[in-house]
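Remarks on the overall topology
Residue-level listing of the chains:
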Number of protein chains: 2
Amino acid sequence: MKSNWRDKIRKIDPYVPGEQSKDPDIIKLNANENPYPPSPDVEAVLHQFPVHALRRYPDANSGNLRHALAQHFGVQENQIFMGNGSDDVLALCFQTFFCSEQPILFPDITYSFYPVWCDLFHIPYVRIPLTEEYRINPKDYQRINGGIILPNPNAPTGIGEGLEFVEALLRGNPDSVVIIDEAYIDFGGVSCVPLLDRYENLVIVQTMSKSRSLAGLRVGYAIASPELISALEAVKNSYNSYTMDMVTLDAATASVQDDAYFRKTCQQVIQTRERSVERFQSLGFTVMPSLTNFLLVTHPKRSAKELFENLKAQKIFVRYFNQPRIDNHLRVTIGTDDEMDKLFCALEVLFK
Amino acid sequence: MKSNWRDKIRKIDPYVPGEQSKDPDIIKLNANENPYPPSPDVEAVLHQFPVHALRRYPDANSGNLRHALAQHFGVQENQIFMGNGSDDVLALCFQTFFCSEQPILFPDITYSFYPVWCDLFHIPYVRIPLTEEYRINPKDYQRINGGIILPNPNAPTGIGEGLEFVEALLRGNPDSVVIIDEAYIDFGGVSCVPLLDRYENLVIVQTMSKSRSLAGLRVGYAIASPELISALEAVKNSYNSYTMDMVTLDAATASVQDDAYFRKTCQQVIQTRERSVERFQSLGFTVMPSLTNFLLVTHPKRSAKELFENLKAQKIFVRYFNQPRIDNHLRVTIGTDDEMDKLFCALEVLFK
């Protein structure tokens, strides 16, 4: 039997990440990045970093950063797990918590990486359609499953639900791990951290990429019961013990400790969002109610794809999804007031 | 049938990473770290980093860094794959290249993570014993297999083999991917990069943690044929597109571009190693011939475990492996001349 090394390698459809443009003139409202810089304390960490220390391995347990986050959330340090961006944390959660033969459940319209990880790790899954109003109905998740994951607020709809929603999911699923992906929670949503005391099968995942303006540094984390966190640690330490580098650990710790700046910039994004909702509506757009740093909008008379391309030609980048149910929508990240004004000027001209 | 969320989560024996001591008085010769700081150009990158840029996602393709490495090695950019330390690169290689039902092969005495990844990814494996002289015989690897991985120089023996050794492995295994883990290659070994032109099933993995003094930053990479690199990219982009943060990308690029400093510090480590070999031998130790930044030593009359504990009590940390065939050996990382002098002073007192 003829063998070949090609028979032994993994064939997978390449997921191609979006290219980051380097043109400084671009108004970039397509990646849900924060328009404000990180805390000035992050700058101090980098600019005073004792570079000679880099010859050593970092703290594999991310002690200082976990301590800062535990204090911030009012939980124990052994309830915090750190990863190289929330994608790393989520990928490890999939490998750790979704290990049955039963399909895991997530919405049909949601974060595009969930089915990618299922394919990678051979996890069966079922997509549960959002309601007509693009909302998640907890009753739809009361069926046999190997686990549940969904973002709250959901993306790219932007719609956020309250604590009673998460609690309904948990009450309906005592036999599965339920992961709530709170990537956008800091822009007006209600975190389910208070439910951790009562539900030991709850995992909350957050990121520093959006609300803390640290997408460039790669920091995500999970908050859960000590039992689930130690299961996650065991898998992570069998994969790569040192995911978090020294500079990132210190910079992220400084960010967490500067709560005033964090609250101020989140509030600025929320204010600009509310202003932007009105501007979109006055142009005739339908806007989904958002508790995130983006808006999903659609216009009854104009094709989203055409608007996307027209804006792109003017160096204003927003996001278009060629995907059922939202293929006439645009997802627009909230920028500064100035950036949003330029977007609305461009739209006003297009609509004349 | 009663289900429970605990039935659905992964049970794995936790691998516990070694704790990094913060006591500045310790002479730390236990983790194969470099005694010299990274290139001064790395310091310049950190201390002048435009921190506002961190609000954006980094370049998922690590363009500048791959360009610098491609120039350094005289290969194409599409022959370089970047990861979050070489553990990340190796873990992705295991998932990408070892996907048959046949067992992969590696030495019985080698990097301790290989069997850990096999267990994590359910890859069958066979450990091939080193020869009596603790060397790797390529003939032992001529059997049906799902892939081959081994370090050259090997760890923790420190023994390095030449190009003809790697070529014998490749000629004997045209139907498998052969991964050569060159973590320690820069301390006097011969890299097999020149073989890439002729063997498209060869993957070379290197790290910036040892020879470039960047353990604290987490940078590793693979060099291989464009076909293998794109298979690796596809798996990585299905896992986490943004493993490399902005600061690390720029700092690592600066390190690669400062070749003079790199060569100088590697040469210093080699000189101290050769001096240390003589010192160990004059104390009656048997020393394995090393092409790395560590020495594996054993004494005919003294227990390695006792020496290890005695040194530890004096705040000199070396590495002891409670493992067949090497459980009477110590692995000693090469420090500065001053650190090594202190080690030998302590040993001389112990041997009086």
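Residues numbered from 1 in each chain as written. Chains lettered and ligands numbered in written order. Predicted model: local features only at pLDDT ≥ 70, side-chain atom pairs only at ≥ 80, totals over all residues. Heavy atoms only, no water.

1. Quick word on the relation of the copies chain A and chain B
Here is the rule: When the copies are superposed, the least-squares fit takes in the C-alpha atoms of residues with a pLDDT of at least 70 in both. Any two residues whose heavy atoms approach within 4.5 Å are treated as being in contact.
Placing chain A over chain B gives an RMSD of 0.0 Å and needs a rotation angle of 180°, together with 0.0 Å of translation along the axis. Here the transformation between the copies is reduced to the relation of a two-fold axis. Of every C-alpha in chain A, the one belonging to His47(A) sits nearest the axis of rotation, 2.0 Å from it. When the interface residues of chain A are mapped onto chain B, 100% of them again fall at the interface, so both copies present the same face.

2. Some details on the confidence of the model for chain A
In low-pLDDT segments, the atomic positions of the prediction should not be examined closely. The condition is simple: What pLDDT conveys is the predictor's confidence in a given residue, as a value from 0 to 100.
Here chain A averages 96 in pLDDT, and 98% of its residues register 70 or above. With pTM at 0.96, the complex prediction returns an ipTM value of 0.96.

3. Side note on helix H6 (residues 226–237) of chain B
Selection rule: Helix and strand assignments come from DSSP, with helices taken as H or I runs of at least 4 residues and strands as E runs of at least 2, each series counted from the N terminus. Multiplying 1.5 Å by the helix residue count minus one yields the expected span of that helix. Per-residue accessibility, obtained with a 1.4 Å probe over protein chains only, is compared with the maximum for each type, and a residue is labelled buried under 20%, exposed over 50%, and partly exposed between these values.
The first and last C-alpha atoms of H6(B) sit 16 Å apart over twelve residues, in line with the 16 Å expected at 1.5 Å per residue. Counting buried positions over the twelve residues of H6(B) gives nine, a clear majority of the element. For H6(B), the full list of buried residues reads Leu228(B), Ile229(B), Ala231(B), Leu232(B), Glu233(B), Ala234(B), Val235(B), Lys236(B) and Asn237(B). Against the buried residues of H6(B) lie helix H4 (113–121) of chain A together with strand E2 (80–83), helix H3 (86–97), strand E7 (202–207) and strand E8 (220–224) of chain B.

4. Examining the nonpolar core
Threshold: Put simply, buried Ala, Val, Leu, Ile, Met, Phe, Trp, Tyr and Cys residues joined by side-chain atoms within 4.5 Å make one nonpolar core.
Within the largest apolar cluster, 110 residues are counted, with the highest numbers of intra-cluster contacts made by Leu65(A) and Leu65(B). If sequence neighbours within four positions are ignored, Leu65(B) has contacts with Met82(B), Met208(B), Val219(B), Met244(B), Leu249(B), Ala252(B), Thr253(B) and Val256(B). Counting 68 residues, the second-largest nonpolar core is a separate cluster that includes Phe97(A), Phe113(A), Leu90(B) and Phe97(B).

5. Brief notes about the packing of aromatic side chains
Cut-off, in case you're wondering: Only centres within 6.5 Å qualify two rings of Phe, Tyr or Trp (six-membered ring in Trp) as a pair; their planes then separate them into stacked at under 30 degrees, edge-to-face at over 60, and tilted for everything else. Our definition puts a charge over a ring when NZ of Lys or CZ of Arg is within 6 Å of the ring centre and also within 35 degrees of the ring normal.
Under the criterion given, the structure shown has 37 aromatic pairs over all chains. Between Phe73(A) and Tyr221(A), the aromatic rings sit 5.9 Å apart at their centres with planes inclined by 50°, giving tilted as the arrangement. With Phe73(A) in helix H2 (residues 63–73) and Tyr221(A) in strand E8 (residues 220–224), the pair connects residues that are 148 residues apart, well separated along the chain. No difference in accessibility class separates Phe73(A) from Tyr221(A), as the two residues are buried. Ring geometry for Tyr184(A) versus Phe294(A): centroids 5.0 Å apart, planes at 80°, classification edge-to-face. Within this pair, whereas Tyr184(A) is found in the loop between strand E6 (178–181) and strand E7 (202–207), its partner Phe294(A) is found in strand E10 (residues 294–298), the two being separated by 110 residues in sequence. When sorted by exposure, Tyr184(A) lands in the same class as Phe294(A), which is buried. Cluster of aromatic residues (ring-pair linked, three or more members): Phe94(A), Phe98(A), Phe106(A), Tyr111(A), Phe113(A), Tyr114(A), Trp117(A) and Tyr125(A). Over the ring of Phe294(B) we find Arg331(B); its NZ or CZ atom is 5.7 Å from the centre of that ring.

6. Digging into the pairing of strand E2 (residues 80–83) of chain A
Residues and elements named next belong to chain A. The criterion, for reference: Two strands make a pair as long as DSSP finds a minimum of two bridges between them.
Burial along E2 is two-sided: the face carrying Ile80 and Met82 and the face carrying Phe81 and Gly83 are both buried. Looking at chain direction, E2 and E8 are connected through four bridges and run antiparallel. Bridge pairing in E8 links Phe81 to Ala222.

7. Notes on the sheet that holds E7(B)
Residue and element names in this part refer to chain B. Quick reminder of the rule: Fitted lines through C-alpha atoms give the axes, limited to the stretch in contact for helices. The angle between two N-to-C directions lies from 0 to 180 degrees.
If you trace the seven strands from one edge of the open sheet to the other, you get E2-E8-E7-E6-E5-E3-E4, paired in mixed fashion. A single partner strand is all that each edge strand has here, and the edge strands are E2 and strand E4 (125–128). Averaged over all neighbouring strand pairs, the angle between strand axes comes to 20°, with direction disregarded. Where strand E6 (residues 178–181) lies against E7, four bridges are found, and the strand directions are parallel. Considered in E7, the bridge of Asp181 is made with Val205.

8. Quick word on helix H1 (residues 40–47) of chain B
Under the convention used in this document: Working note: the arc is built from the helix axis to C-beta atom directions. Polar contacts, as used here, are pairs of N or O atoms within 3.5 Å; protein pairs need one atom able to donate a hydrogen and one able to accept it. Residues neighboring in sequence count only if both atoms are side-chain atoms.
Those residues of H1(B) that fall on the buried side of the exposure criterion are Val42(B), Val45(B) and Leu46(B). The buried side chains of H1(B) occupy one side of the element, clustering within an arc of 95° when seen end-on. Against the buried residues of H1(B) lie helix H1 (40–47) and helix H7 (246–257) of chain A together with helix H7 (246–257) of chain B. N-capping of H1(B) is provided by Ser39(B), with a side-chain oxygen placed 3.0 Å from the backbone N of Asp41(B).

9. As for the pairing of strand E5 (residues 147–151) of chain B
Residues and elements named next belong to chain B. Of all five residues in E5, five are buried; the element is thus mostly enclosed. Residues of E5 alternate between two faces, with Gly147, Ile149 and Pro151 on one and Ile148 and Leu150 on the opposite face, all of them buried. Pairing of strand E3 (residues 104–107) with E5 involves two bridges; the strand directions are parallel. Residue pairing for E5: Ile104 is matched across the bridge by Gly147.

10. Structural notes on the pattern of salt bridges
For the record, the criterion: A pair is scored as a salt bridge if a Lys or Arg side-chain nitrogen falls within 4 Å of a carboxyl oxygen belonging to Asp or Glu.
What the rule picks out here adds up to 32 salt bridges over all chains. Among the salt bridges present, the one from Arg198(A) reaches Glu167(A), with a minimum N-O distance of 2.6 Å. Of this pair, Arg198(A) sits in the loop between E6 and E7 while Glu167(A) sits in helix H5 (residues 163–172), placing them 31 residues apart in sequence. We note a salt bridge from Asp259(B) to Arg263(B), for which the minimum N-O separation is 2.6 Å. In this pair, Asp259(B) and Arg263(B) are both assigned in helix H8 (residues 259–282), four residues apart and thus about one turn of the helix distant. The class of Arg263(B) is exposed, set by a relative accessible area of 56%.

11. Considering the side chain of Thr265(B)
All names here are of chain B. Its location among the elements puts Thr265 in helix H8. For Thr265, a relative accessible area of 2% gives the class buried. Those residues in contact with Thr265 that lie beyond four places of it in its chain are Tyr36 and Ser211.

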